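# Examining the three-dimensional arrangement
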Amino acid sequence: MNGWLLAATVVFGGGVGATLWGVTTGPLSRRVVAQNLSTALACPALLLLAQGYDRPAYVDLALVLALLGPVGTLVFARLLTDELADDPPRAWGVTWAAAGFAAGVVAALCAAVGPSRAMAKLLLVGALLIGGNLVASRALSGGIAGVRGG
């Protein structure tokens, strides 16, 4: 087992496991935030697995997850507008921490692969993941007009 695989195991076991627990328990506001954070943690874990196993196809999975995860959160924010209006989620600290973690993973992987098409793909995945999750978190907290009546 190399360091990339160890890091992916820690992220999947600790981070994604905790978000899955958050999705299945607690109030609605915590469940939708946990759903958004599961994407923000699973995607870097897939990138780490891609490097650890030397399987570029895992980067494609991370790209799809970076695209569809925040879109799913936006759909939940729109469909649950009335239920979330009374107690809007507030998780900016966790959201920024997850964004910083994703940026750190992408930076480490870019340094490992060097200048290439793979690096460009990693930067694209990182930008989509971080930007998408920040937009989705803002929508959940009621900050985007038309999505949560804000």
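Residues numbered from 1 in each chain as written. Predicted model: local features only at pLDDT ≥ 70, side-chain atom pairs only at ≥ 80, totals over all residues. Heavy atoms only, no water.

### A look at the packing of helix α2 (residues 28-53) against helix α3 (residues 57-79)
Applicable threshold: Here an angle of 0 to 180 degrees is reported between the N-to-C directions of two axes, which are lines fitted to C-alpha atoms, with helices fitted over the stretch in contact. Each helix is a run of DSSP H or I of at least 4 residues and each strand a run of E of at least 2, with the numbering of both proceeding from the N terminus. Roughly parallel means an angle under 35 degrees; roughly antiparallel means over 145; roughly perpendicular covers 65 to 115; every other angle is labelled oblique. In what follows, residue pairs with any heavy atoms lying within 4.5 Å of each other are defined as contacts. Residues were grouped as follows: Ala, Val, Leu, Ile, Met, Phe, Trp, Tyr, Cys and Pro as nonpolar; Asp, Glu, Lys and Arg as charged; and all remaining residues, including Gly, as polar.
Between α2 and α3, the least distance of the axes is 9 Å, while the angle of their chain directions is 180°. In terms of orientation, α2 and α3 fall into the roughly antiparallel class. Counting all contacts with α2, which are made through Q35, N36, T39, A42, C43, L46, L47, L49, A50 and Y53, the residues of α3 involved are Y58, V59, L61, A62, L65, A66, G69, P70, T73 and F76. Residues of the contact of α2 with α3, tallied by class, amount to 15 nonpolar, five polar and no charged.

### Remarks on a nonpolar patch on the surface
Note the cut-off: Candidates for patches are residues over 30% relative accessible area with no salt bridge; among them, like charges are joined within 9 Å and nonpolar side chains (Val, Leu, Ile, Met, Phe, Trp, Tyr) within 5 Å. Note on areas: Shrake-Rupley with a 1.4 Å probe; residue coverage comes only from the protein chains shown. Any Lys or Arg side-chain nitrogen found within 4 Å of a carboxyl oxygen on Asp or Glu counts as a salt bridge. Relative accessibility under 20% of the residue-type maximum defines a buried residue, over 50% an exposed one, and the middle range a partly exposed one, all with a 1.4 Å probe and only protein chains included.
Among the surface-exposed residues, M1, L6 and V10 lie close enough to one another that they form a single nonpolar patch of about 360 Å² accessible area. Along the polypeptide, M1 turns up in the segment before α1 (3-24). A relative accessible area of 77% places M1 in the exposed class.

### Brief notes about the nonpolar core
The criterion, for reference: Each nonpolar core is a collection of buried residues, namely Ala, Val, Leu, Ile, Met, Phe, Trp, Tyr and Cys, held together in the definition by side-chain atoms within 4.5 Å.
Counting 24 residues, the largest nonpolar core has C43, L47, L48, A62, L109 and V125 as its most contacted members. Of all the secondary structure elements, the ones that give two or more residues to this core are α1, α2, α3, α5 (92-113) and α6 (117-140). Discounting chain neighbours no more than four positions away, the residues touching L47 are V59, A62, V106, L109, L122 and V125. Listed in part, the ten residues of the second largest apolar core include A77, L84, A91 and A139.

### Some words on α3
This is how it is decided: To estimate how far a helix should extend, the number of its residues minus one is multiplied by 1.5 Å.
Counted at 1.5 Å a residue, the expected span for α3 with its 23 residues is 33 Å, and the 33 Å between its end C-alpha atoms agrees. Turning to α3, its buried residues number three or more, namely V59, A62, A66, G69, P70, T73 and A77. Among the structural elements, α2, α4 (81-85) and α6 are those in contact with the buried residues of α3.

### Thoughts on the side chain of S38
Within the secondary structure, S38 is located in helix α2. On the basis of relative accessible area, S38 is assigned to the buried category, the value being 16%.

### Observations regarding the packing of aromatic side chains
For the record, the criterion: When two rings of Phe, Tyr or Trp (its six-membered ring) have centres within 6.5 Å they constitute a pair, described as stacked for plane angles under 30 degrees, edge-to-face for angles over 60, and tilted for the intermediate range.
Under the criterion given, the structure shown has one aromatic pair. Arranged with centres 6.5 Å apart and planes meeting at 85°, the rings of Y53 and Y58 form a pair that is edge-to-face. Relative accessible area serves as the criterion here: at 48%, Y53 is assigned to the partly exposed category. Residue Y58 is classed as partly exposed on the basis of its relative accessible area of 24%.

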